Amino acid sequence: MTASLTEVADKSFDYVICGEVTTAGLTLAARLSEDPDVTVLVLEAGLANLNDPELLRPCSYGVHFGQPGYTWPHMTTKQRHCMDLEYAWFRGKGLGGSSSINFMGWGKPPTQEIDDIERLGNPGWNWANYQRFLSRTEGFVPPTETVKEQFGLNVDDWKLSINGPLKVSFPGSMSKENMVLHETFLNAGIPLAKHPLDGDPNGAMFGPNNYDPITHTRSYAATAFLLPNMGRSNLTVLVEATVKRVMSDMAENGQYTATGVEFIYASGSHIANANREVIISSGALKSPQILELSGFGKREVLEKISIPVKADLPGVGENVQEHLLVLMNFEVKDDADFNTPDELRDPLLATRHRELHVSGLGWHTTGIVNYAFLPLKAISSRADDIIASFRDKLQKNGWNYPPGLLEQYRIQLERLETGAPELEIISYPGISGGTNPPEPGKRYVTCNAAINSCFSRGTIHATSDNTEEDPTFDPHYFEEEIDMEIVFEFVKFVRGLAHVTPLKDLVVGERNPGPDVQTDDELCEYIKTNLSTVWHTASSCSMLPREKRGVVDSHLKVYSTNNLRVVDLSILPLHVSAHTQATVYAIAEQAADIIKSNFQK
Ligand SMILES: Cc1cc2nc3c(=O)[nH]c(=O)nc-3n(C[C@H](O)[C@H](O)[C@H](O)COP(=O)(O)OP(=O)(O)OC[C@H]3O[C@@H](n4cnc5c(N)ncnc54)[C@H](O)[C@@H]3O)c2cc1C
């Protein structure tokens, strides 16, 4: 049971976690409330949605989009370098945040990319700690010997923790179709990833999911961290409570001390007091807005919306980084022995598969498992020219970039130079979308091209003092031309997979982009009209030294404050080449450790 308003309004708690019943927030709440002597309040804007089969059922990609009970309907602003198009940036709303509706892939970045966080000025944020903290969350359930043998899974080498509460496993049904995709990658010259979840994801791999292999359901922040701890009398969770701002007073040391938060519940404004700390965990899209409405942000932004400036922090809502994906798929021959979930487009079969799921059978026991991570140099003869041209631009215009950004760019260029796997193919049986829609009765196979290291930097800023009004989400897609050059090269490479066996023998041809897309101009237009976020937006409250436009220090404390922290993906200073949920759990676990040790002194 979640709490009622009377249990929260005007009451005091040691820790108030805002906007979180997100991936990071619930993890943190569970860890802090392990100490029975402290009280923890979690305020979440969405519904509880606990034990809801619509969330628990795997292979339900995107079905929650547009449903206000499950997702925020965020949209970007018109993108100047993308034909003025706007893009959907849906996010999970409710207990568990985006972990309640995400696509369940479990992956980890390359070692060096986590070590780069420390290199940027954040002591303690390195690969050794990442692994140590994530091992508290991760509860890997190894596959059976048959599955190991069938798919060549050397999981014994993977160093995954088996003790954490979040179930990580291969889905109940791994099929021969998955093997076809994997073999196609290998035959295309992509090496086998030797340590896919142990710091070296370069190559083709089968990736596990946050999947409970006993119940065949989604394992996420709510099942792992909230449900097992609902009985704790020191943990209070209020849903449908939208945090507006953090209240703070100037302390004797000249810094601000957070005293509580103001939140909206049933159209009324209420207050919850914090004895020790306020922690903002509203995700990369909303955390900057809460900071700005609280008086912590870029002076011009705050003045425009008449918010008194407590601390001028020009990094709030800046340095926003994206993973981009281009939708690509092929049509399967009518007589091919290749099953796909395209049949779920038939309402009768969809009902049948929902029924089958209850018995641990059917499409809802599958997941996305086929990935390949590749360096630019492996897929394009133009790689050196692309890198040299951007390096040249930095030499000429470097002074033009905000403080700290050049250092990030140098690291990104170094990654491209040294063959870091910044490109990713996300592949699965079935169609994902594209200009040419699926035809009834046809089957498809998807090979989306994703770019995990973009140079363009976006912004997210509040445009009014109303917390229920979205801030402007402006990713500045393709503002840096190098991003389009890399995407373009990669899309051409992925198109070539249709000519590689065994995929070649199974498909009639390309469905998207499709045969009408031939010239470079046509391909660029296709890319812009079929571009998607990978839902991994990060870095809007970057953890960096203050002079490099940092928002939080390496203890995740907002600059100029004594006890206000941000704990979610917004603090990641430089994006990593991996799906992001594992990194969010690692951030939350490390944050819990930092906060606990702060009060043990
Ligand atoms: C569609 C989709 C698919 C994805 N697929 C994958 C995948 O397969 N693998 C992977 O690793 N990652 C995936 N991700 C990314 C991953 O799920 C996220 O990076 C991660 O969950 C983000 O966690 P977070 O804690 O930073 O934010 P979130 O989990 O987004 O949490 C933010 C929370 O804050 C709440 N909130 C916002 N504003 C307020 C407010 N003012 N007051 C109160 N509450 C507020 C929201 O309702 C939400 O619950 C996906 C994400 C999406 C959206």
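By the naming in an unreviewed UniProt entry, the chain is Alcohol oxidase, taken from Obba rivulosa. UniProt's Sequence similarities (unreviewed entry) comment on the chain is quoted here verbatim: "Belongs to the GMC oxidoreductase family." In the Cofactor (unreviewed entry) part of its UniProt record, the chain is described as follows: "FAD".

J.: How do you make sense of the UniProt feature "binding site: FAD" (unreviewed entry) in the chain when you look at a structure like this?
T.: Those places that UniProt annotates as "binding site: FAD" (unreviewed entry) correspond, in this numbering, to Val 243, Trp 535 and His 536. Spanning 294 residues, the annotated positions stay apart in the fold, the maximum distance between their C-alpha atoms being 22.6 Å. For Val 243, the location among the structural elements is in strand S11 (residues 241-250). Residues within four places of Val 243 in sequence aside, it is in contact with Cys 18, Gly 19, Leu 43, Val 261, Glu 262, Phe 263, Ile 290 and Thr 467. Residue position: Trp 535 is located in the loop between strand S24 (531-533) and strand S25 (564-566).

J.: Explain the side chain of Arg 31 to me, please; I cannot follow it from the model alone.
T.: Among the secondary structure elements, Arg 31 is positioned in helix H1 (residues 23-32). Among the polar contacts listed, one links the side chain of Arg 31 to the side chain of Glu 589, at a separation of 2.8 Å. Beyond its immediate sequence surroundings of up to four residues, Arg 31 is in contact with Arg 136, Thr 137, Pro 165, Phe 225, Glu 589, Ala 592 and Lys 596.

J.: Mind showing me how you'd approach a negative patch on the surface here?
T.: Taken together, the side chains of Asp 516, Asp 520, Asp 521, Glu 522 and Glu 525 define an acidic patch exposed on the protein surface. Note on placement: Glu 522 falls in helix H16 (residues 520-529). Under the relative-accessibility criterion, Glu 522 is labelled partly exposed at 33%.

What counts, and at which threshold
- Residues numbered from 1 in each chain as written.
- Predicted model: local features only at pLDDT ≥ 70, side-chain atom pairs only at ≥ 80, totals over all residues.
- Heavy atoms only, no water.
- UniProt positions renumbered as here; feature names shortened; annotations may be inferred.
- Helix = DSSP H or I, 4+ residues; strand = E, 2+ residues; numbered from the N terminus.
- Contact = heavy atoms within 4.5 Å.
- Polar contact = N/O pair within 3.5 Å; in protein donor to acceptor, adjacent residues only side chain to side chain.
- Patch = residues over 30% accessible without salt bridge, like charges linked within 9 Å, V, L, I, M, F, W, Y side chains within 5 Å.
- Areas by Shrake-Rupley, 256 points an atom, 1.4 Å probe, with all protein chains shown as cover.
- Salt bridge = Lys/Arg side-chain N within 4 Å of Asp/Glu carboxyl O.
- Lys, Arg positive; Asp, Glu negative; His and termini not counted.
- Charge placed at Lys NZ, Arg CZ, Asp CG, Glu CD.
- Buried < 20%, exposed > 50% of the residue type's maximum accessible area, 1.4 Å probe, protein only.

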